[in-house]
Amino acid sequence: MPGTVAAPRGGILCDLHHRYETVRESLSRIDKAAQEMGLPNISARLIEQNGTSDRRGPEVQYLEIFAVSIATHDMLIAEGAKPRAIVGQSIGELWALAAAGHLSVEDAARLAVARSQVLTRQSWGGKMLAVGVDGRRAASLAELINHPHLVLACENAPRQSVISGPEALIEHVERVADALGWPSLRLDVPHPTHTPAMAQAARDLRASAPRVPYGAGRWRVCSPWLGRDVGDDDPVDLVAGALTSRVRMLHTIRELHAAGADAFIECGEWPVVTKFVEASIPGVRCVVPLSESDPVGAVRALVAESPGGGPFQPRLAAASSNGHGPVVPVSGPQPSGPAAALPVTADPPVRAAASVVSAAPVVPVSYVAPVASPSVAPVPSPAPAVPVAVAAPAPPAASVAVAPAAVAPVSAAPAPASADPASPSSAGADYDTVLAELRTLYGDFLGYPPDLLGEDDGLEAELGVESLKQVALLGMVSDRYGLPGLRANSSLLTVGTLRRIAEAVVGARAGAAG
């Protein structure tokens, strides 16, 4: 299940709400908990076709992400999927606990809000930075600056890591990464976490959060920060402990695959965690139902390929140490390539549960070091969009695992010489000329025929260009046209299209000329 990703689009759950009673029940329970805490209705915007997200504070954003994750999980189960394990990224572990039945949907919502409130009260001035290198190099970069709160926070994929720390130090990290030719991108999250700086917030959460009933769940929950399955662990302690701990998603994904997981389904709106999966295990099967034109059809097709929805063995109930239910026995399941810059999507986006099933492998992804350019630092080769892991059915002989959404970069063939940002362009280029040049540059870099790149196609949503790759490409555009200010235009990354970039180039050049 995904962690902190962008707020979902309005109407994203309209069809699932109409089709499934279990989805309606889960959303009603989240709405009830939100109302009790004085928050606005959560489900209304998600089931109505009323446009894009409206930001109503971090608590609402977290609950909307939860609603999308749990609704997707409900749809999977209703269609016959039987995950062997569920994985949550960061706060997504709380969604995983609710999906697996370790605690109620209402209590998961209450804990999510309690977590948000203690983080807001601490008001730490930190940032999180995604860097396109392996965990060892990212950790060395953080250690070079030698501050106790600047640490490697997440190991997401072989060439995608996240560093968390004070904002001033993150700026230093960015400069060093840029000098080394490592792509980087600041993550737009309401609360930077996974650093020792969160120790006070963790203590406050343990002291103030409501203690909730918990017990055995229907499925395994694999914890990327604990490095083991969740057993008879208090959910409040789990959520608090994660605030200061490193999330090792890469290791969890590889352990699940080694144990037989061959397919991952992501319970989120866009591929996030499944991108990590595909970058970590080339050839694995990933499905993100909500990113498909027919989400239900995509799930039914996967279930049909895996008779019975995959192996399923319910847990045995035992007395719980907190007296509220059965305990789950703990099973003990238990990098790095060259420093090539490989972009990975950052929060976005990241949706929910991912399940693994054995299935026919897809074409493996190759990782290629970036091509050096006279005027631009090496940039990892881009690759087509990669799906995020979600709960999916598995065949009788394979295990199924559910994982949170996260974003991982995939490299493709190096960009041809024609994509060289240093190539000259006409000084007074008009819109059509600039658009044609951008199509050639982006097409060569991404391996797409330029004519197939529509000027209004979303670079990430429709073309699968991860955020770090967009940063690299925007840098190439900036150098090509001599417009350093484009690098700081974050709107060209969050809702990037060739039309908006071409208009920005033309406008900036006109301003410079005037």
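Quick caveat: nothing in here was measured; it's all calculated off a predicted structure.

Caption draft 1: Molecular detail of the sheet that holds strand β4 (residues 160-166). Across the sheet, which stays open at both edges, the 4 strands sit in the order β3-β4-β2-β5 with antiparallel pairing between neighbours. If you trace the sheet from one side to the other, it starts and ends with β3 (151-157) and β5 (184-186), each paired once. Neighbouring strand axes in the sheet, compared pairwise and without regard to direction, differ in orientation by 25° on average. Helix-sheet contacts for helix α15 (residues 467-481) involve β2 (126-131), β4 and β5, and the interaxial angle to β5 is about 110°.

Caption draft 2: Region of the structure containing the sheet that holds strand β1 (residues 85-87). With respect to topology, 3 strands assemble into an open sheet ordered β1-β6-β7, the strand pairing being mixed. Of all the strands in the sheet, the pair left with one neighbour each is β1 and β7 (228-229). Both β1 and strand β6 (residues 220-223) contribute to a ladder of 3 bridges, which runs parallel. Looking at β6, one finds that I86 is bridged to V221. Its contacts with the sheet place helix α5 (residues 92-100) against β1 and β6, and it is angled at close to 170° to β6.

Caption draft 3: Focus on the pattern of salt bridges. In total, this model carries 22 salt bridges according to the counting rule given. Two residues, D237 and R206, come together in a salt bridge whose shortest N-O distance is 3.6 Å. With D237 in helix α10 (residues 235-243) and R206 in helix α9 (residues 199-208), the pair connects residues that are 31 residues apart, well separated along the chain. Judged by its relative accessible area of 33%, D237 is partly exposed. Via salt bridges that share partners, E167, E171, E174 and R186 belong to a single interconnected network.

Caption draft 4: Summary view of the pairing of β2. Judged by how many residues are buried, β2 sits mostly within the fold: 5 of 6 residues are covered. Two strands pair when backbone bridges link them, and β2 and β4 are joined in this way by 6 bridges, in the antiparallel orientation. Bridge pairing in β4 places L129 opposite I163. Pairing of β2 with β5, which is carried by 3 bridges, proceeds in the antiparallel orientation. Residue pairing across strands places V131 opposite S184, the latter belonging to β5.

Parameters at a glance
- Residues numbered from 1 in each chain as written.
- Predicted model: local features only at pLDDT ≥ 70, side-chain atom pairs only at ≥ 80, totals over all residues.
- Heavy atoms only, no water.
- Pairing = 2+ DSSP bridges.
- Helix = DSSP H or I, 4+ residues; strand = E, 2+ residues; numbered from the N terminus.
- Axes fitted to C-alpha atoms, helices over the stretch in contact; angles between N-to-C directions.
- Contact = heavy atoms within 4.5 Å.
- Salt bridge = Lys/Arg side-chain N within 4 Å of Asp/Glu carboxyl O.
- Buried < 20%, exposed > 50% of the residue type's maximum accessible area, 1.4 Å probe, protein only.

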